[in-house]
Amino acid sequence: MHCPYCRNTDTRVLDSRVTDDGGAIRRRRSCPSCEKRFSTVEQMQLVVVKRSGATEPFARDKAITGVRKACKGRPVSEDDLSRLGQRVEDTLRSEGWAEVPANEVGLAILGPLRELDEVAYLRFASVYKSFESAEAFEEEIAILRAERAAAETPPIEPVETLVPTGSTGRSAPG
Ligand SMILES: [Zn+2]
């Protein structure tokens, strides 16, 4: 690894420690030439397995290409998109994927995208889930509406029901 300051090709490791979440190793290094210090982080490489079976390294930018398209004309900023990309990567890493199927990447996008913008979510989901019919699409919208209504409406007090216990003592007229 090159020294980022003087480009010297040799650096010395001073200290290695596992990050708190256990997902990476941080190394403190020093350059024997210019004596500056810097840190490197060693992380498991996340690999995406495409439908064809081909693999490629996970790239946040590439992962959110479809999201960016779905957000066209929506009030979603570049910052929102990069935060979403970060969340997706964090989710996949925390789930312990070494080789993640492409559809799992899409799945990890759905949740945070729905929080971000419902219209973009529906656009993205319509491609990702490839709704087979207008009904399936409407169903998804109905679920969204129901969930939003549930979030906005205070919980309904449980209705007390009277459960008859045993005989009331009344007998049939006759
Ligand atoms: Zn140096």
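Description of the structure in this document. (Residues numbered from 1 in each chain as written. Predicted model: local features only at pLDDT ≥ 70, side-chain atom pairs only at ≥ 80, totals over all residues. Heavy atoms only, no water.)

1. Overview of the coordination of the zinc ion
Octahedral six-donor coordination of a metal ideally yields angles of 90 or 180 degrees, compared with 109.5 degrees for tetrahedral four-donor coordination. The condition that has to hold: Donor atoms (N, O, S) are those found within 2.8 Å of the metal centre, with the cutoff raised to 3.2 Å for Na, K and Ca; water is not part of the atom list, so apparent gaps in a site can occur. Metal sites are grouped by the angles between bound donors: all angles between 85 and 135 degrees with four donors is tetrahedral, opposite donors over 155 degrees apart with the others between 65 and 115 is square planar for four donors and octahedral for six, and any other pattern is irregular. Helix numbering and strand numbering both begin at the N terminus, where a helix is a DSSP run of H or I of at least 4 residues and a strand a DSSP run of E of at least 2. Using a 1.4 Å probe on the protein chains alone, a residue whose accessible area is under 20% of its type maximum counts as buried, one over 50% counts as exposed, and one in between counts as partly exposed.
Only C3 (SG), C6 (SG), C31 (SG) and C34 (SG) from the protein coordinate the zinc ion, and they sit 2.3 to 2.4 Å from it. Angles of 105 to 118 degrees at the metal separate the four donor atoms of the zinc ion, which places the site in the tetrahedral class. Here the donor residues of the zinc ion are spaced in sequence according to C-x2-C-x24-C-x2-C. With a gap of 28 residues between them, C6 in the segment before β1 (12–18) and C34 in the loop between β2 (24–30) and β3 (37–43) connect regions that are remote in the sequence. Of the residues examined, C6 reaches a relative accessible area of 34% and is grouped as partly exposed. A relative accessible area of 30% places C34 in the partly exposed class.

2. Considerations on the nonpolar core
Put simply, the rule is: We call a set of buried Ala, Val, Leu, Ile, Met, Phe, Trp, Tyr and Cys residues a nonpolar core when their side-chain atoms join them within 4.5 Å.
One finds F58, V67, V88, L92, V105, I109 and L113 to be the most contacted residues of the largest nonpolar core, which totals 25 residues. For this core, the elements supplying multiple residues, two or more each, are α2 (65–70), α3 (78–94), α4 (102–116) and α5 (118–128).

3. Some remarks on the pattern of salt bridges
Worth spelling out the cut-off: Every case where a carboxyl oxygen of Asp or Glu lies within 4 Å of a side-chain nitrogen of Lys or Arg is listed as a salt bridge.
In this structure the tally under the stated criterion is 11 salt bridges. With its nearest N and O atoms 3.2 Å apart, the salt bridge here joins E56 to K62. Relative accessible area serves as the criterion here: at 51%, K62 is assigned to the exposed category. When the shortest N-O distance is used, the salt bridge between E89 and R93 registers 3.1 Å. Taken as a pair, E89 and R93 lie in helix α3 at a separation of four residues, close to a single helical turn. The network of salt bridges with common partners includes K50, E56 and K62.

4. Some points on α3
Spelled out, the test is: Residue count minus one, scaled by 1.5 Å, sets the expected span of a helix. Only heavy atoms enter the contact rule, under which two residues are in contact if any of them lie within 4.5 Å.
With 17 residues, α3 extends 24 Å from end C-alpha to end C-alpha; this agrees with the ideal 24 Å at 1.5 Å per step. Turning to α3, its buried residues are D80, L81, L84, G85, V88, E89 and L92. The elements touched by buried residues of α3 are α1 (60–63), α2, β6 (99–101) and α4. One or two steps after α3, the chain reaches G96, where phi turns positive at roughly 80 degrees.

5. Quick notes on the pairing of β1
Rules: Between any two strands, pairing holds if DSSP finds at least two bridges.
In this structure, β1 lies alongside β2, joined through six bridges in antiparallel fashion. Within β2, the residue paired with D15 across the bridge is R28. Linkage of β1 to β2, two consecutive antiparallel strands, is achieved through a turn of five residues, within which G22 is found at a positive phi near 75 degrees.

6. Some details on the sheet that holds β6
What counts, and what does not: The angle between two axes is taken between their N-to-C directions and runs from 0 to 180 degrees, where each axis is a line fitted to C-alpha atoms and a helix contributes only its stretch in contact.
Spatially, three strands are ordered β5-β4-β6 in an open sheet, and the strand pairing comes out mixed. The open sheet has two edge strands with one neighbour each: β5 (55–57) and β6. The average undirected angle you get between the axes of adjacent strands in this sheet is 35 degrees. Summarising the sheet, strand β4 (residues 47–49) and β5 pair through three bridges and their orientation is antiparallel. Pairing of V48 across the sheet is with E56, part of β5.

7. Comments concerning the packing of α4 against α5
Going by this rule: Under this scheme an angle from 65 to 115 degrees is roughly perpendicular, one under 35 degrees roughly parallel, and one over 145 degrees roughly antiparallel; angles in between are oblique. Left-handed describes a crossing in which the near helix is turned anticlockwise from the far one by less than a right angle; the clockwise case is right-handed. Residues are sorted three ways: Asp, Glu, Lys and Arg are charged, Ala, Val, Leu, Ile, Met, Phe, Trp, Tyr, Cys and Pro are nonpolar, and all the rest, Gly among them, are polar.
The geometry of α4 relative to α5 is characterised by a closest axis approach of 8 Å and an angle of 160 degrees between their N-to-C directions. Classed by the angle they form, the pair α4 and α5 counts as roughly antiparallel. The interaxial crossing formed by α4 with α5 has left-handed handedness. For the pair α4 and α5, the contacting residues are N103, G106, L107, I109, L110, L113, R114 and L116 in the first and E118, A120, Y121, F124, A125 and Y128 in the second. Of the residues contributing to the contact of α4 with α5, the split by class is 10 nonpolar, two polar and two charged.

Note that all results are geometric; they support no functional claim without further evidence.
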